[in-house]
Amino acid sequence: MSQSAEEQQEHRKQKKDWKQERRKRRAIWAVVSAALALLAVPVLAWLYMQRSMETITEIKKPEILSIKAGDMQDIEQLELGTIDVSGDQKTKDVVFCVYSAEKGKKYDLQLAHTTNIGFTYSIYKASSPIEGGDVTYLGKQYKKGELLPGGYLNLAADGKHATNAYHNNTYGEYNNVQQAAEPLYWKSKEQETLSNKKDEREEFYVNYYILHISWDETVQNNKETDMIYLMAG
Amino acid sequence: MMLTEEQKRGERMQGKKKKEGLTSEEYRQQARDEISKVKNEWKVFLRTGIIMSAALIVIIIACVAWFVSNNKVTISTTRVQSAGSEFELAAASKPNSETSAGVYDKLLDVPQGTKSSIKNQNFLATDGSHTSITWAITDDSNMNNNTEVGIEPGASGKMTFYIISHKEGALSVTLDLTLTGYTGEETAATSSNLQKANQRAQQLLEGHVLLFVGYDSDARSYKGWISQDAGPWSMTLDSEKAVLSRDENGKLTWSVQNAKKDTAYPVTLYWVWPEILGSYLVKDQSSIGKRPILFPEDWNDGSSHLTELPKTLFKAMCSLNDNRYFYWKESEEFAGTVTEGKLNQMRTDFNPVMYGTLAVYYNQADEYLGSNVRFIKLKLDAQ
């Protein structure tokens with residue numbers, strides 16, 4: 001009996017030793033494989049081919065284009081107000097300017113007006129304010145330049161009113177529109193370019209224009225009203 | 001050892017108890033022994049564990065240090081060869097030792113390439129210890145970062161890179177081009193002054209600043225669009241019959257059958273920021289003036305697809321999620337105005353009034369880009 005007990009104890013001891021042996025072996029394996037993995041990863045990364053080249057550039061900040069009256073005066077001063085057509089002079093000139101903080105900007109000029117009054121509108125290029133110019137406006141004088149090439153986009157055959165070509169754009173689905181309320185759209189033919197030299201105030205790049213309004217005897221003082229829009233863009 | 005009667009009884013009950021029949025005192029003692037042994041084992045484990053993790057940390061630090069070690073090698077007019085690398089990337093450098101750095105390169109974190117010269121042409125190239133470099137800028141190869149300052153809608157140009165082969169025979173390189181937008185002050189001095197642009201701006205950047213692999217200056221049209229929204233195409237380059245192709249999944253591959261050792265193969269990329277939406281839509285210049293045409297042909301199964309409008313592009317342009325082309329404030333208004341049908345109609349039967357309603361969203365996106373992205377990084381990855 002004692003022998004089998006002893007045998008059992010021996011057996012248990014052997015089992016424990018064997019278990020410890022297994023644990024030791026496992027531990028060693030774990031360390032070795034971890035070390036191998038750590039060595040393999042950087043070596044493989046070095047062998048794996050990857051090359052790259054990069055460059056960087058900037059987006060230019062967009063500078064706005066704007067319209068002002070006369071020589072960079074407040075746009076509120078661009079007043080057409082009441083025009084008395086009974087006098088001898090059959091024309092009126094107002095000066096406006098197109099400017100931006102960025103030089104050489106390209107833009108189109110567009111004029112839109114209703115046709116209640118039979119005025120003729122034209123836009124001329126103008127010089128910067130100088131002494132002895134032919135047009136005076138808001139205290140400064142300008143020299144009238146050449147007529148700005150362009151044409152009406154929707155002039156009717158009678159040469160006075162607008163066709164319905166742009167009716168949907170202007171009024172959408174609304175149909176009770178008198179013919180004279182249909183605006184005439186005029187657009188410059190070629191793109192204008194802002195000057196490359198700053199104006200005398202050294203702040204903006206400015207182009208000057210004269211809006212020339214003229215009429216003949218058929219236009220009377222009859223309290224008609226028109227709306228005029230000047231656009232640059 | 002003399003067994004008592006109890007012990008003998010215990011022995012006989014082998015089914016239930018594996019241990020010998022011991023007295024409760026000895027049993028308790030055994031239990032205590034086991035507990036203290038387990039506690040000791042834990043201590044041993046800790047000890048070896050600490051030593052092991054210490055060894056681990058040392059190995060990691062050694063590897064990282066070796067990786068990061070910035071060994072500067074300056075070699076003039078010699079080729080740098082790295083054993084095992086099949087190719088290197090390079091860009092032509094300016095002659096007469098003028099600097100070929102872009103005006104904003106100080107905002108990049110990588111060094112300039114290594115000087116290299118092949119058949120009397122000077123390059124700045126990658127090598128074994130400089131795997132990421134800046135792209136050399138010249139008068140012919142730049143993104144308006146040579147002397148000019150920056151890009152804007154309507155700008156376009158080209159960037160040329162070279163693949164220098166170090167082996168004979170078949171060579172195939174996978175290319176990946178990415179544009180990343182950053183915000184930051186115009187006076188930013190280092191990359192730490194930059195932050196990535198927001199997701200919307202980044203998406204719009206990818207749809208507005210475009211990359212192509214070919215350009216026809218007579219027709220003012222582009223070929224081979226590189227973009228997530230592009231379709232597959234394949235193009236043979238003039239030099240040595242190399243082939244550049246994009247597969248269905250967007251993978252760009254350059255390959256040549258008979259590469260010669262130490263030869264520089266050029267690849268030119270054309271970048272463009274279309275000024276107006278019309279460039280994406282039309283097939284000819286009648287309605288867009290002198291502006292470029294991006295996709296002059298319609299999709300045609302079974303061709304090289306270089307100049308064709310990708311089948312799914314107009315659909316992607318109308319998507320309310322991840323839209324790379326348009327910016328809107330009211331999504332319902334946008335969804336009602338911009339439809340795939342209308343975009344297709346502009347392609348076949350251009351209507352300026354309808355076009356105006358669509359173009360508004362493209363222009364708004366340009367404005368959004370201008371306000372939310374200050375710098376753009378173009379990166380070429382090759383492997």
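Model, not experiment: these values are computed from the prediction. Numbers given for residues are sequential positions, taken from 1 along each chain in its written order. Chains carry letters from A onward and ligands carry numbers from 1 onward, assigned in written order. Predicted model: local features are reported for residues with pLDDT of at least 70 only, side-chain atom pairs are reported and counted for 80 or more only, and whole-chain, interface and lining totals are derived from all residues. Side-chain metrics in this entry use all non-hydrogen atoms of the structure; hydrogen atoms and water are not considered.

Chemist: Tell me what's going on with the overall build of chain A, and back it up with residues and numbers.
Modeler: Strands are runs of DSSP state E lasting at least 2 residues, helices are runs of H or I lasting at least 4, and numbering of each runs from the N terminus. Helices and strands together make up the secondary structure of chain A, namely two helices and 14 strands. Looking at chain A residue by residue over its 233 residues, the buried ones come to 32%. The rule is simple: take the accessible area with a 1.4 Å probe, protein chains only, and divide by the maximum for that residue type; under 20% is buried, over 50% is exposed, in between is partly exposed.

Chemist: Could you give an account of the interface of chain B and chain A, naming the residues involved and the relevant values?
Modeler: For an interface, size is often stated in terms of accessible area lost upon the parts coming together. At the interface, 63 residues of chain B touch 33 residues of chain A. Using a 1.4 Å probe, buried area is obtained as the accessible area two parts lose upon being combined, added over both of them. Approximately 4500 Å² of surface area, both sides summed, lies buried where chain B meets chain A, with 57% of it carried by carbon and sulfur atoms. Salt bridges are defined by distance alone: a side-chain nitrogen of Lys or Arg within 4 Å of a carboxyl oxygen of Asp or Glu. Along the contact surface separating chain B from chain A lie four salt bridges. Its salt-bridge partner being Lys60 of chain A, residue Glu152 of chain B comes within 3.7 Å of it at the nearest N-O pair. Polar contact criterion, stated in full: a pair of N or O atoms within 3.5 Å, where within protein one must be able to donate a hydrogen and the other to accept it, and residues adjacent in sequence count only if both atoms are side-chain atoms. Linking chain B with chain A are 19 residue pairs in polar contact (both at pLDDT 80 or more). Elements represented by at least two residues in the side of chain B that touches chain A include exactly helix 2 (24–68), strand 1 (87–92), strand 4 (132–134), strand 5 (156–165), helix 8 (352–372) and strand 14 (375–382) of chain B. Broken down by element, the residue count for the side of chain B that touches chain A peaks at 10 residues, all from helix 2 of chain B. The residue makeup of the side of chain B that touches chain A, split by class, is 35 nonpolar, 12 polar and 16 charged. The criterion used for residue contact is that any of the two residues' heavy atoms lie within 4.5 Å. In this classification, Asp, Glu, Lys and Arg are treated as charged, Ala, Val, Leu, Ile, Met, Phe, Trp, Tyr, Cys and Pro as nonpolar, and every other residue, Gly included, as polar.

Chemist: If you had to explain a nonpolar patch on the surface to someone new, which residues and values would you point to?
Modeler: By definition, no residue in a patch forms a salt bridge, and every one has over 30% relative accessible area; like charges are joined within 9 Å, nonpolar side chains (Val, Leu, Ile, Met, Phe, Trp, Tyr) within 5 Å. All accessibility values rest on the Shrake-Rupley procedure with a 1.4 Å probe; residue burial counts only the protein chains present in the view. A surface patch of nonpolar side chains, amounting to about 770 Å² of accessible area, comprises Leu56, Ile57, Ile60, Ile61, Val64, Trp66, Phe67 and Val68 of chain B. The residue Val68 of chain B is located in helix 2 in this model.

Chemist: Please set out the nonpolar core residue by residue, giving values where relevant.
Modeler: Burial of nonpolar side chains together is a common tendency in soluble globular proteins. Residues and elements named next belong to chain B. Core analysis: the largest hydrophobic core is formed by 88 residues, its most contacted members being Phe161, Trp254, Leu277 and Phe326. Per-element tally for this core: the top contributor is helix 8, with nine residues. In contact with Phe326, not counting residues within four places along its chain, are Arg200, Leu204, Leu277, Met317, Phe334, Val338, Leu358, Tyr361, Tyr362 and Ala365. Put simply, a nonpolar core is a bunch of buried Ala, Val, Leu, Ile, Met, Phe, Trp, Tyr and Cys residues held in one set by side-chain atoms that sit within 4.5 Å of each other.

Chemist: Provide a residue-level description of the pattern of salt bridges, including the pertinent values.
Modeler: Tallying each qualifying case throughout the model produces 16 salt bridges over all chains. Across the pair Arg324 of chain B and Glu206 of chain B runs a salt bridge whose closest N-O atoms are separated by 3.0 Å. Residue Arg324 of chain B is located in the loop between helix 5 (313–318) and helix 6 (331–337), and its partner Glu206 of chain B is located in helix 3 (residues 199–208); the two are separated by 118 residues in the primary sequence. Residue Arg324 of chain B is classed as buried on the basis of its relative accessible area of 13%. When its relative accessible area of 27% is taken as the criterion, Glu206 of chain B is described as partly exposed. The salt bridge involving Asp298 of chain B is made with Arg347 of chain B; its shortest N-O contact spans 2.7 Å. Here Asp298 of chain B, found in the loop between helix 4 (278–281) and helix 5, pairs with Arg347 of chain B, found in helix 7 (residues 340–348); they are 49 residues apart in sequence, far enough to count as distant. Classification of Asp298 of chain B as partly exposed rests on a relative accessible area of 37%. Salt bridges here are not isolated pairs; linked through shared partners, they connect Lys125, Glu146 and Glu192 of chain A.

Chemist: Let's hear about the sheet that holds strand 10 (residues 150–152) of chain A: which residues, and what values?
Modeler: All names here are of chain A. Each pair of strands is called paired provided DSSP finds at least two bridges between the two strands. A sheet is described by the order of its strands in space; here four strands give the open sequence 10-11-5-14, paired in antiparallel fashion. Across the chains shown, the open sheet's two edge strands, defined by having one partner strand only, are strand 10 and strand 14 (228–232). Going from strand to strand, the sheet's axes swing by 15° on average, the running direction of each strand aside. Summarising the sheet, strand 10 and strand 11 (residues 184–188) pair through three bridges and their orientation is antiparallel. If you follow Tyr152 over to strand 11, its bridge partner there is Trp186. Between the N-to-C directions of two axes lies an angle of 0 to 180 degrees, each axis being a line fitted to C-alpha atoms and, for a helix, fitted only over the stretch in contact.

Chemist: Go over the packing of helix 7 of chain B against helix 8 of chain B with me, naming the residues and quoting the values.
Modeler: Residue and element names in this part refer to chain B. Relative orientation of the contacting elements helix 7 and helix 8 amounts to 130°, with a least axis distance of 10 Å. Comparing the axis directions of helix 7 and helix 8 gives the class oblique. As for how helix 7 packs across helix 8, the hand of that crossing is left-handed. Counted together, Lys342, Leu343, Gln345 and Met346 of helix 7 and Met354, Tyr355 and Leu358 of helix 8 form the full contact between these two elements. Taken together, the residues of the contact of helix 7 with helix 8 break down into five nonpolar, one polar and one charged. Orientation is classified from the angle alone, with under 35 degrees giving roughly parallel, over 145 giving roughly antiparallel, 65 to 115 giving roughly perpendicular, and any other angle giving oblique. Left-handed describes a crossing whose near helix is turned anticlockwise from the far helix by less than a right angle; the clockwise case is right-handed.

Chemist: I'd like a rundown of helix 8 of chain B, residues and numbers included.
Modeler: All names here are of chain B. The terminal C-alpha atoms of helix 8 lie 30 Å apart, and with 21 residues this matches the ideal 30 Å at 1.5 Å per residue to within 8%. Bend, in this description, refers to the angle at a residue between axes fitted to the seven residues ending there and the seven starting there. In helix 8, a bend of some 35° at Leu358 exceeds every other bend along the element. For helix 8, the complete set of buried residues consists of Met354, Tyr355, Leu358, Ala359, Tyr361, Tyr362, Ala365, Asp366, Tyr368, Leu369 and Gly370. Here the buried face of helix 8 lies against helix 3, helix 4, helix 6 and helix 7. A side-chain oxygen of the first residue of helix 8 lies 2.9 Å from the backbone nitrogen of Val353; this N-cap is Asn351. Residue count minus one, scaled by 1.5 Å, sets the expected span of a helix.

Chemist: How would you summarise the side chain of Ser52 of chain A if you had to cite specific residues and measurements?
Modeler: Assignment of secondary structure puts Ser52 of chain A in strand 1 (residues 51–58). Residue class for Ser52 of chain A comes out buried when judged on its relative accessible area of 3%. Side-chain polar atoms of Ser52 of chain A contact the side chain of Ser132 of chain B, separated by 2.9 Å. Not counting residues within four places of it along the chain, the set of residues in contact with Ser52 of chain A comprises Leu89, Thr126, Thr131, Ser132, Ile133, Lys379, Leu380 and Asp381 of chain B.

The analysis is restricted to geometry; functional conclusions fall outside its scope.
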